[in-house]
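# Inside the fold
Now for the letters of each chain:
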Amino acid sequence: MTDHSLTSELGGLSYDPAPESASIARLQPSYGLFLDGEFTAPESHEQFASLNPATEETLATVALASSADVDTAVACARRAYTKVWSKTTGAERAKYLFRIARLIQERSRELAVVETLDNGKPIRESRDVDIPLAAAHFFYYAGWADKLEHAGFGASPRPIGVAGQIIPWNFPLLMAAWKLAPALAAGNTCVLKPAETTPLSALILAEIFQQAGLPDGVVNIVTGDGTTGAALVDHPGVDKIAFTGSTEVGRLIQERVAATPKRLTLELGGKGANIVFEDAPIDEVIEGIIDGIFFNQGHVCCAGSRLLVQESVADEVLRRLLRRVDQLRVGDPMDKNTDVGAINSAAQLERIRELTTWGEEEGATRYTSACELPDRGYWFAPTVFADVAQSHRIARDEIFGPVLSVLTFRTPEEAVAKANNSKYGLACGVWSEKGSRTLWVAQRLRAGVIWANTYNKFDPTSPFGGVRESGFGREGGRHGLEAYLDV
Amino acid sequence: MSERLDVKKTYKLVVNGAFPRSESGRSYQVVAADGKFLANVAQASRKDLREAVVAARAAQIKWWNATAYNRGQVLYRWAEMAESRREELVEHVQLAEGLKKKDAQLSVARAIDRIVWYSGWTDKVTQVLGGANPVAGPFFNFSLPVPSGVIGVVAPQQSSLEGFVEAVAAPICVGNAVVALASELRPTPAIVLAEMTATSDFPGGVLNVLTGFTGELVAPLATHEDIDGVDLTGSGELSDELARLAAGSIKRVYRARANDDENSLRQLRTFVETSTVWHTIGQ
Amino acid sequence: MSIAPLRPVDARDRGILVPAVVSIPTIHNEDELRRYLSALSGVDAVGVESRVAKLSTRSLKKSTKLTAIDLAISMVDLTTLEGADTQGRVTSLCTKAMRPDPSDLAVPAVAAVCVYPDLVAHARRVLGDSPVAVASVATAFPSGRASLSVKLLDVAEAVQAGADEIDMVIDRGAFLAGRWGQVFDEIVAVKAACGSAHLKVILETGELVTYDNVKRASWIAMLGGADFIKTSTGKVGVNATLPFALVMLEAARDFAEQTGQLVGVKVAGGIRTTKDALKYLVVVNETAGATWLTAEFFRFGASSLLNDLLMQRLKQRTGAYVRPDEFSGD
């Protein structure tokens, strides 16, 4: 196949810009903390800017919570726990959560816009994935609040108390929902610390709590940086820490709570293997690989960042994959037709660049989409590394960006061995039309989530979480309640 | 006519289904509760620990690949072996813990009954801790509890047999392999019970028991990267520091609590991982 | 098919690669056909449906929308396939086909009118030397339940009467019974009977039901010499759907890559709105690519769709919503 009579360019129909309106966000210029049901005055705190990573413009400034602020937040949560929430019946807690779910749905468009502005993810994803799933999560756990005795943790499981919850920047509102919904359903009160670069949707959520009439202090939100998070982790008034983020920070947190009675759940990094067998449905495989690594710019802890493809179909899969990578529409996250948005921060962009440079130096073959990138903002073109060896850093380290490493295997046993050859164990994909082999592989993969003939699917009823250095504890489903019950 | 001279037993380690001395050649004296010399027990080294972890890792795959029914039978067989050598265990517990015979008999009976209890769990735990998840989409989705892998156990120091059983039977019954440090001062009941795994159809390496100085072995146990979880119940005042060390490789950490209910599944849950599988549903 | 090991890809290599050398595999017997079809990878229904769901969220605005509407108009096979069809009805259809909007000459003509064989001659007369083609269903449309000789006669008469394009139906019964060779042989025979007329092969996806079947039937048709593969007759419960179209477009793309032969895709039945038509164009655009974005390789078999396209076109240009009576009924 050397001579081509005709090349059919994909995307012959060019799409005019179809931008969502930023004014829907209705952001305030500056925000205080959400303590005891009220926002504090912004000027009473040191402020820091939350940027739009697609333009590097400041969207709003938010309060940097000090350790004294964290003290206040924990005290509010404790008071609300003792005086109000522990005396609120499960049925009443349920109704608050149902209200919150509805209010998220009502303000979904606004939340989607805020999320996209603050995070850089495509509006299509915040609109179709993040916000609907956040609402669904509250709906799901609402129903558990008055049925905890049926959850399999004993006849009358008790809440733990005050939960300190630290969430990442990749799915800001969704991660807040994953943390808050089960905690509140189980009867705990919360101090939530949003990520430094993406605090805004949590502050809209605080307004929703006000609209829902949630009792004061049941949820308190402290925006800030790593020092705020550390103050929360170390606070003696906190009974439970739930953290989602990097394995490095998770390790520090586990160390810091080791000598305390605090309960801990960790949802950390990953290096997911997406395993493609020769009999797999090839067109859906390509979409699955794309969804696996380029969804949310690859800022996904369970991203399928290692493609393990059977040698007999490796060339064909790669050829089709590269064609598809070129088709990805990279650019303005607010454009409804954008597939890949902005990298969340300058720091993350730097890390991605560093690791991809390593990939080249280690001898992997780099393929980068020819898409045009905007001049301003943080951008990284979708990238595929072929000829990657197990020992390469890009096959071992979590890149947390739109970068895929491609490796090959010969037998199912080798596929499993390579997939498991990682300190992480969060998620894997298996692609095959042969059910018995898929189950054989699934049984042997050391991962908390295994997607067969699909990837990056989430649901409130489905437990999510890792094994080994990807953390412990589950979020979602009946299993997700365990993290917030004294059992 | 002179009295017959007893044949004294040498207490060795239990590693990979065999009974080696410590590779270091070291041993230490163990005395009975009344202070009289009881035995010279193998004093395991860090290298013995390392070997035990290698054995446990290999054995765990075999153990987990066995059917749950089979694992239940093997554990039950272990209880049968213990029952048939009950008097021997009673004697060891009596000497080690300084109990009256009646109390030692009760303790051994409880220990054996707990093995029976756990033997019944092997093929229930999947249904009790797992389930199908009604996701909003065309997917069959189910969650299964799968073993964490290799569990390091610091067995309780006081309760030489019951405490040991409680610490090792739970992780083993859900498919883990265990490397256990027996009570430092009261190791013999655990060693005797562990020896019985050799006649209970356990794959070698599922239960490895080391005797030695707790203070010397717990840190390598807590930091060993190929150990997935640790039970620090028997580590006393070292427990907090060990929990900190265990964080280095994000280990699952279990410590028995004073108010634990014996029917609680917290220990089982600590050492299983919920693995959730999604599969598309379509024509 | 294999390619050189992965390397940084040059811009020239992007998109669909169509080899210059035409090499349609020759199928000698049913065993060969079966082996060939069995080597095709399966289709995961959930993946196909989620892919089109995602593509359906594409938002076409402004000039893109206008371009797409004109493109869609040019791809319409304006169709009437009723027992009550008369020469009068066909006359008005042909008139509309040549000049869909008499008030705006910039509106392109449609691709073809599609009628039963007995009205082909009349349609031919009305269309004269206009660029609008005459398409005729044949082969005992829509059920295909007739002997091969009857089907071939049906085709021959339509071609004789001046049909430029023949829309045949495959024998779904034979396909579902596993007699793939029979399906293939019929297509080959009909292709021969078509002479210079283009052959569209109707798979009747609603009766094949599964995507795996649709993929296999697409390949049988293309190997048998189809110029177009077409979803449906419009006469059964389930007609064209986006997922079926996606599977067929992927098959056409893969066939072109392997053989150098471009086969068109026609979606028919149930496509009534501009919104639907644009979704199909997005699927074409992002799976098969620009080559298929012409009436030569993509068609809509429809009747009421045309008026909606005209209404939306006018709305795009004037900004005001249009009343249905603005355009003629047929």
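Reading guide: rules and limits
Residues numbered from 1 in each chain as written. Chains lettered and ligands numbered in written order. Predicted model: local features only at pLDDT ≥ 70, side-chain atom pairs only at ≥ 80, totals over all residues. Heavy atoms only, no water. Helix = DSSP H or I, 4+ residues; strand = E, 2+ residues; numbered from the N terminus. Rg over C-alpha atoms; globule rule 2.2 N^0.38 Å. Buried < 20%, exposed > 50% of the residue type's maximum accessible area, 1.4 Å probe, protein only. Areas by Shrake-Rupley, 256 points an atom, 1.4 Å probe, with all protein chains shown as cover. Core = buried A, V, L, I, M, F, W, Y, C linked by side-chain atoms within 4.5 Å. Contact = heavy atoms within 4.5 Å. Salt bridge = Lys/Arg side-chain N within 4 Å of Asp/Glu carboxyl O. Buried area = accessible area lost by both parts, 1.4 Å probe. Polar contact = N/O pair within 3.5 Å; in protein donor to acceptor, adjacent residues only side chain to side chain. Nonpolar A, V, L, I, M, F, W, Y, C, P; charged D, E, K, R; others polar. Expected span 1.5 Å × (residues − 1). Bend = angle between axes of the 7 residues up to and from the residue. Pairing = 2+ DSSP bridges. Axes fitted to C-alpha atoms, helices over the stretch in contact; angles between N-to-C directions. Phe/Tyr/Trp six-rings, centres within 6.5 Å; stacked < 30°, edge-to-face > 60°. Lys, Arg positive; Asp, Glu negative; His and termini not counted. Parallel < 35°, antiparallel > 145°, perpendicular 65-115°, else oblique. Left-handed = near helix turned anticlockwise from the far one by under 90°.

Here we come to the overall build of chain A. Secondary structure assignment for chain A yields 14 helices and 19 strands. At 22 Å, chain A has a C-alpha radius of gyration in line with the 23 Å of a compact globule built from 487 residues. The C-alpha extent of chain A, read off along each of the three principal axes, is 75 × 50 × 35 Å. Taken over 487 residues, chain A has a buried fraction of 68%. Of the roughly 15,400 Å² of accessible surface on chain A, a fraction of 51% belongs to carbon and sulfur atoms.

Time to look at the nonpolar core. Membership of the largest hydrophobic core comes to 121 residues, with the highest contact counts inside it found for Phe138(A), Leu180(A) and Phe209(A). Considering each element in turn, this core owes the most residues, 11 residues, to helix α5 (residues 172-185) of chain A. Setting aside chain neighbours within four positions, we find Leu180(A) in contact with Phe138(A), Gln165(A), Cys190(A), Leu192(A), Leu205(A), Phe209(A) and Val219(A). Residues Ala97(C), Val132(C), Ala256(C) and Ala277(C) belong to the second largest nonpolar core, which totals 103 residues.

Moving on, we come to the pattern of salt bridges. Residues and elements named next belong to chain A. Under the counting rule described, the total for this entry stands at 74 salt bridges over all chains. Among the ionic pairs, Glu110 bridges to Arg107, the shortest N-O distance being 2.9 Å. Here Glu110 falls in the buried class, since its relative accessible area comes to 5%. Here Arg107 falls in the buried class, since its relative accessible area comes to 11%. Between Asp339 and Arg124 there is a salt bridge, with its nearest N and O atoms 2.9 Å apart.

To continue, consider the interface of chain C and chain B. In this complex, chain C contributes 5 residues to the contact, which on the side of chain B involves 6 residues. Summing the contributions of chain C and of chain B, the shared interface buries around 430 Å²; its carbon and sulfur component is 63%. Summed over the shared surface of chain C and chain B, the result is 0 salt bridges. Linking chain C to chain B there are 1 residue pair in polar contact (both at pLDDT 80 or more). Here the side of chain C that touches chain B is built from residues that sort into 3 nonpolar, 1 polar and 1 charged.

Before going further, it helps to spend a moment on helix α3 (residues 108-119) of chain A. Residues and elements named next belong to chain A. With 12 residues, α3 should reach 16 Å at 1.5 Å per residue; the first-to-last C-alpha distance of 16 Å fits that figure. Burial runs high along α3: 10 of the 12 residues are buried. Along α3, the residues that are buried comprise Glu110, Leu111, Ala112, Val113, Val114, Glu115, Thr116, Leu117, Asp118 and Asn119. Looking one or two residues past α3, Gly120 carries a phi angle of roughly 95 degrees, positive in sign.

We now examine helix α1 (residues 46-65) of chain B. Residues and elements named next belong to chain B. The end-to-end C-alpha separation of α1 is 29 Å, in line with the 28 Å expected for 20 residues at 1.5 Å each. Where α1 bends most, at Ala59, the angle is about 25 degrees. Within the span of α1, buried status applies to Asp48, Leu49, Ala52, Val53, Ala55, Ala56, Arg57, Ala59, Gln60 and Trp63. The residue sitting at the N-terminus of α1 and contributing the capping side-chain oxygen is Ser45; that oxygen lies 3.2 Å from the backbone nitrogen of Lys47.

The strands that make up a sheet pair up through hydrogen bonds in the backbone, lying either parallel or antiparallel. All names here are of chain A. Taken in spatial order, the 3 strands line up as β2-β6-β5 in an open sheet, and their pairing is mixed. The sheet is open, and its two borders are formed by β2 (30-31) and β5 (47-52), each paired with just one other strand. Summarising the sheet, β2 and strand β6 (residues 57-63) pair through 2 bridges and their orientation is parallel. What sits directly across from Tyr31, in β6, is Val62. Relative to β5, α3 is tilted by about 100 degrees, and along the sheet it contacts β5 and β6.

Turning our eyes to something else, we now look at the packing of aromatic side chains. All names here are of chain A. Under the defined criterion, the tally for this structure stands at 28 aromatic pairs over all chains. Here Trp451 and Phe458 contribute two aromatic rings whose centre-to-centre distance is 5.8 Å and whose plane-to-plane angle is 80 degrees, an arrangement assigned as edge-to-face. Phe458 shares its class with Trp451; the two are buried. Taken together, Trp178, Trp451, Tyr455, Phe458 and Phe464 form an aromatic cluster joined through their ring pairs.

Once that is clear, we can look at the sheet that holds strand β8 (residues 229-231) of chain B. Residue and element names in this part refer to chain B. Strand order in the open sheet made by the 5 strands is β7-β6-β5-β8-β9, with parallel pairing throughout. Either end of the sheet is taken by a strand with one partner, and the two such strands are β7 (207-210) and β9 (252-254). For this sheet, the mean angle separating the axes of adjacent strands, direction not counted, is 15 degrees. Sheet topology note: the β8/β9 ladder contains 3 bridges and is parallel. Note on β9: the bridge partner recorded for Gly229 is Arg252.

Before going further, it helps to spend a moment on unusual backbone geometry. The linkage connecting Phe141(C) with the following residue, Pro142(C), adopts the cis geometry, with an omega of 0 degrees. Take Pro142(C): it is sitting in the loop between β4 (133-137) and α6 (148-160). For Asn296(A), which is not a glycine, the phi torsion comes out positive at approximately 55 degrees. Tracing the sequence through the fold places Asn296(A) in the loop between α9 (282-294) and β13 (306-310). Asn296(A) gets classed as buried once you look at its relative accessible area, which sits at 0%. At Asp201(B), a position not held by glycine, the phi torsion is positive, near 65 degrees. The residue Asp201(B) is located in the loop between α7 (188-195) and β7 in this model.

It is worth spelling out the side chain of Asp231(B) at this point. Residue and element names in this part refer to chain B. Here Asp231 shows up in strand β8. Salt bridges are absent for the buried Asp231, whose nearest opposite-charge side chain, Arg255, sits at 8.1 Å. Here Thr233 takes part through its side chain, which lies 2.5 Å from a polar atom of the side chain of Asp231. With residues near it in sequence (within four places) discarded, Asp231 still touches Gly152, Val153, Val154, Ala167, Tyr254, Gln267 and Phe271.

All names here are of chain A. For the pair helix α13 (residues 412-420) and helix α14 (residues 435-444), interaxial distance at closest approach is 10 Å and the crossing angle is 30 degrees. Taken together, the axis directions place α13 and α14 in an arrangement best described as roughly parallel. Judged by the sense of rotation from one axis to the other, the crossing of α13 with α14 is right-handed. In this structure, α13 contributes Pro412, Glu413, Val416 and Asn420 to the contact, and α14 contributes Arg437, Trp440, Val441 and Arg444. Taken together, the residues of the contact of α13 with α14 sort by class into 4 nonpolar, 1 polar and 3 charged.

Residues and elements named next belong to chain C. Position of Asp276 among the secondary structure elements: in helix α12 (residues 274-287). Through-space distance from the C-alpha of Asp276 to that of Cys94 is 24 Å; in sequence the pair is 182 residues apart. Residues contacting Asp276, with those up to four places away along its chain left out, are Gly270 and Ile271.

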